[in-house]
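The residues making up each chain are set out below.
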Amino acid sequence: MHKGKLWRRIRPHAAGWLCASPWILGFLVFTLGPMIWSIYYSLTEYPLIRPPVWVGLDNYRFMLQEDKFFFNSLRVTTLYAIVAVPLHLVMGFLMALMLNQKIRYIALWRTVYFLPSVVSGVAVALLWQWIFNSDFGLANWLLGLVGIDGPSWLLSPTWALPALIIMSLWGVGGSMVIFIAGLQGVPQALYEAAEIDGSNAVQRFWHVTVPMVSPVILFNLIIGLIAALQTFTQAFIMTAGGPKQSTHFFMLHLYNNAFQWLKMGYASALAWVLFAYILIATLFVIRSSSLWVFYEGEIKGR
C-alpha cells in the first residue's frame, strides 16, 4: 500500500493511539511484562541472590504435597471471604438505604460514613490493633460496661479471625457510595405503581429495590471478593499470621516465601495459584448472576 494512502487511513486514529500510548506502555512494562516473567519464575528455583534454575513443575508439586502452610492459608482466606464479603454487602446496602433519605445535612453524613474507607491500610491496622488490645483496648472496655468479660481477640486462635472480619467493616463506605448511586437510579414510578397495587414497604423493598439494584450488588460482590481473597495488610501488621496460624492468609504466606525466605520462584507459583483461584471464584459468581441479577429491559436476566 502506498505510504500516502496508509497515512490517510491511520491519521484519524493517530491522536487516539498517541493519547493512549502512556497507558499502553505502562501496561506492557509494569503489568504484562512482570506477569510473563512470573510465569517463568514459577517454574524455577529462584532465591534472589542467585540466578534462577529451571525446575519445571516442582514448585507446584511441593505446594500440593509438602507445603504444610498452603492448605491452611487457603482455608483461612476462603473462610474470611465467605463471612466478610456478605457482611460488607449487607452493611453497605443498609447504610446506603439510610443515607438515601431526604434529611438535613445528608451530604455531610455521607462524607462522614465514607471517610474511613479512604484511610491508609497500615494506619487502620494500628488503630484496630489498639481497639482489640486485650488489656486496655476500646472493644473490651465497651464490653466491660455491660458486664461482659471480653476475649483476648488478636491473641486468641478462636477470636483473631473474627476480629479481622469485624475490622473489615471499617471500609464499608466504598460499597455504600456505589449502592447509593444504584438506589438513586431506581425509577420513582416503580415505587408509585407498587404502592397503587397495595404493596407495603417490605414488599416494595424486595420486589422493586432489590431487583433494580441487583447489578450493583453483583459489582460490589465481585470487587469485594477479589479484595478479600488478597487480604494481607491486616494480618501482616496485627497478627503476623498468628496465633497458631489462625490468620495466616494466602497473601501473607506468599509474602513470607518471597521476602522472608527468599523463595521467589515458589512465591511466583503461589501467586499464579491465587490468580487462578480468584478467576474461578469470579467466573462462578458471574455465571450464577443469571439466576438473580435483573437488568432493566431484559426478562429473567437473559
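Just so it is clear, the model here is predicted, and its values are computed rather than measured. Each chain carries its own residue numbering, running from 1 in the direction its sequence is written. It should be noted that, the model being predicted, local features are given only for residues of pLDDT at least 70 and side-chain atom pairs only at 80 or more, the latter also being counted only at that level, while totals for whole chains, interfaces and linings use all residues. Values shown for side chains rest on all heavy atoms present in the structure; no hydrogens or waters enter the calculation.

Focus: the overall build of the protein chain
Then, number 1: Helix and strand definitions follow DSSP, with helices as H or I runs of at least four residues and strands as E runs of at least two, each counted in order from the N terminus. Per the secondary structure count, the protein chain includes 13 helices and 2 strands.
Then, number 2: All radius of gyration figures rest on C-alpha atoms, and the globule criterion is 2.2 Å times the number of residues raised to 0.38. In terms of overall size, the protein chain is more extended than a compact globule, its C-alpha atoms giving a radius of gyration of 24 Å where 302 residues would be expected to give roughly 19 Å.
Then, number 3: The dimensions of the protein chain, computed from C-alpha atoms along their principal axes, are 80 × 70 × 35 Å.
Then, number 4: Split into buried and exposed, the 302 residues of the protein chain put 37% on the buried side.
Then, number 5: Expressed as a percentage of contacts within the protein chain between residues at least 6 apart in sequence, the contacts between residues at least 24 apart total 65%.
Then, number 6: Methods summary: accessible areas were calculated by the Shrake-Rupley approach with a probe of 1.4 Å, and residue burial reflects only the protein chains presented. Accessible surface for the protein chain amounts to roughly 18600 Å². Of this, 69% is attributable to carbon and sulfur atoms.
Then, number 7: Here Asp and Glu are counted as negative and Lys and Arg as positive; His is not counted, and neither are the chain ends. For charged residues, the charge sits on one atom: NZ in Lys, CZ in Arg, CG in Asp, CD in Glu. Here the protein chain contributes 18 positively and 11 negatively charged side chains, and the mean placements of these two sets differ by 15 Å. Classification of residues uses two cut-offs on accessible area relative to the type maximum, computed with a 1.4 Å probe and protein chains only: under 20% is buried, over 50% is exposed, and between them is partly exposed. Whether two residues are in contact is decided by their heavy atoms: any pair within 4.5 Å suffices.

Looking at the UniProt feature "domain: ABC transmembrane type-1" (unreviewed entry) in the protein chain
Then, number 1: UniProt positions are given in the numbering used here, feature names are shortened, and annotations may be inferred rather than shown by experiment. In the numbering used here, UniProt assigns the feature "domain: ABC transmembrane type-1" (unreviewed entry) to residues 74-285.
Then, number 2: End C-alpha to end C-alpha, residues 74-285 measures 19 Å, and it is 71% helix and 0% strand.

What to know about the packing of aromatic side chains
Then, number 1: Whether two aromatic rings pair depends on their centres lying within 6.5 Å, for rings of Phe, Tyr and Trp, where Trp uses its six-membered ring; planes under 30 degrees apart make the pair stacked, over 60 edge-to-face, and the rest tilted. Enumeration according to the criterion identifies 22 aromatic pairs in this entry.
Then, number 2: Between F93 and F179, the ring centres sit 5.0 Å apart and the planes meet at 20°, which makes this aromatic pair stacked. Of this pair, F93 sits in helix α3 (residues 70-98) while F179 sits in helix α8 (residues 173-184); the two residues are 86 residues apart in sequence, bridging distant segments of the chain. Taken individually, F93 and F179 each receive the classification buried, so the pair is uniform in this respect.
Then, number 3: Within the aromatic cluster, the residues linked to one another by ring pairs are W37, Y40, Y41, Y46 and W54.

Quick word on the nonpolar core
Then, number 1: With 66 residues, the main nonpolar core has Y80, F132, M167 and M238 as its most contacted residues.
Then, number 2: Setting aside its immediate chain neighbours within four residues, Y80 contacts V85, L161, L164, I165, S168, A228, T231, Q234 and F249. By convention a nonpolar core is built from buried Ala, Val, Leu, Ile, Met, Phe, Trp, Tyr and Cys residues, the set being connected through side-chain atoms within 4.5 Å.

Remarks on the environment of L143
Then, number 1: For L143, the location among the structural elements is in helix α6 (residues 138-145).
Then, number 2: For L143, a relative accessible area of 24% gives the class partly exposed.
Then, number 3: Considered as a pair, L143 and W23 are 120 residues apart in the sequence and their alpha carbons are 51 Å apart.
Then, number 4: Leaving out residues up to four positions away in the same chain, L143 has contacts with I148, G150, P151 and W153.

A closer look at the environment of N220
Then, number 1: Turning to its location among the elements, N220 is positioned in helix α10 (residues 201-228).
Then, number 2: Overall, the relative accessible area of 7% leaves N220 in the buried class.
Then, number 3: Remark: the alpha-carbon pair of N220 and L28, spanning 192 residues in sequence, is separated by 28 Å.

Comments concerning the UniProt feature "transmembrane region" (unreviewed entry) in the protein chain
Then, number 1: As annotated in UniProt, the feature "transmembrane region" (unreviewed entry) corresponds to residues 21-43, 79-99, 111-132, 163-185, 205-229 and 269-295 in the numbering used here.
Then, number 2: Across residues 111-132, the secondary structure splits into 68% helix and 0% strand, with the terminal C-alpha atoms separated by 26 Å.
Then, number 3: Spanning residues 205-229, this segment combines 96% helix with 0% strand, and its end C-alpha atoms are found 31 Å apart.

Considering the packing of helix α9 (residues 188-196) against α10
Then, number 1: Think of each axis as a best-fit line through the C-alpha atoms, taken over the contacting stretch in the case of a helix, with angles from 0 to 180 degrees between the N-to-C directions. Between α9 and α10, the least distance of the axes is 10 Å, while the angle of their chain directions is 160°. Between α9 and α10, the angle is such that the two are roughly antiparallel. As for the relative orientation of α9 and α10, their crossing is right-handed in sense. For the pair α9 and α10, contact is made by L190, Y191, A194 and E195 and by R204, V208, T209 and M212, respectively.
Then, number 2: Of the residues belonging to the contact of α9 with α10, the class tally is 5 nonpolar, 1 polar and 2 charged. An angle below 35 degrees is treated as roughly parallel, one above 145 as roughly antiparallel, one from 65 to 115 as roughly perpendicular, and anything else as oblique. Take the far helix as the reference: if the near one is turned anticlockwise from it by less than a right angle, the crossing is left-handed, and if turned clockwise, right-handed. Note on residue categories: nonpolar means Ala, Val, Leu, Ile, Met, Phe, Trp, Tyr, Cys or Pro, charged means Asp, Glu, Lys or Arg, and polar means any other residue, Gly included.

Observations regarding the side chain of N140
Then, number 1: Tracing the sequence through the fold places N140 in helix α6.
Then, number 2: By relative accessible area, N140 is classed as buried at 13%.
Then, number 3: Aside from chain neighbours lying at most four places away, what touches N140 is N133, S134, G150, P151 and W153.

Concerning the domain arrangement of the protein chain
Then, number 1: The split into domains, and so the bounds of each, comes from an automatic or database assignment of domains. Taken domain by domain, the protein chain holds domain 1 (2-58) and domain 2 (68-301).
Then, number 2: For domain 1 versus domain 2, the separation of C-alpha centres amounts to 33 Å.
Then, number 3: Opposite the 9 residues of domain 1 that make contact, domain 2 presents 9 residues.
Then, number 4: A combined buried area of about 740 Å² lies between domain 1 and domain 2, and 72% of that area is made up of carbon and sulfur atoms. Here's the idea: put two parts together, see how much 1.4 Å probe accessible area each one loses, and the total over both is what we call buried area.

Concerning a nonpolar patch on the surface
Then, number 1: Residues enter a patch when their relative accessible area is above 30% and they make no salt bridge; the linking distance is 9 Å between like charges and 5 Å between nonpolar side chains (Val, Leu, Ile, Met, Phe, Trp, Tyr). Here, a salt bridge means any side-chain nitrogen of Lys or Arg that lies within 4 Å of a carboxyl oxygen of Asp or Glu. Together, L127, W130, F136, L138, W141, L142, L145, V146 and I148 make up a nonpolar patch on the protein surface, roughly 930 Å² of accessible area in all.
Then, number 2: Looking at the element boundaries, V146 is found in the loop between α6 and α7 (160-168).

Some points on the pattern of salt bridges
Then, number 1: With the rule as written, the count across this model stands at 1 salt bridge.
Then, number 2: E66 serves as the salt-bridge partner of R61, at 2.8 Å between the closest nitrogen and oxygen.
Then, number 3: Since its relative accessible area comes to 37%, R61 is described here as partly exposed.
Then, number 4: The class for E66 is partly exposed, based on a relative accessible area of 45%.

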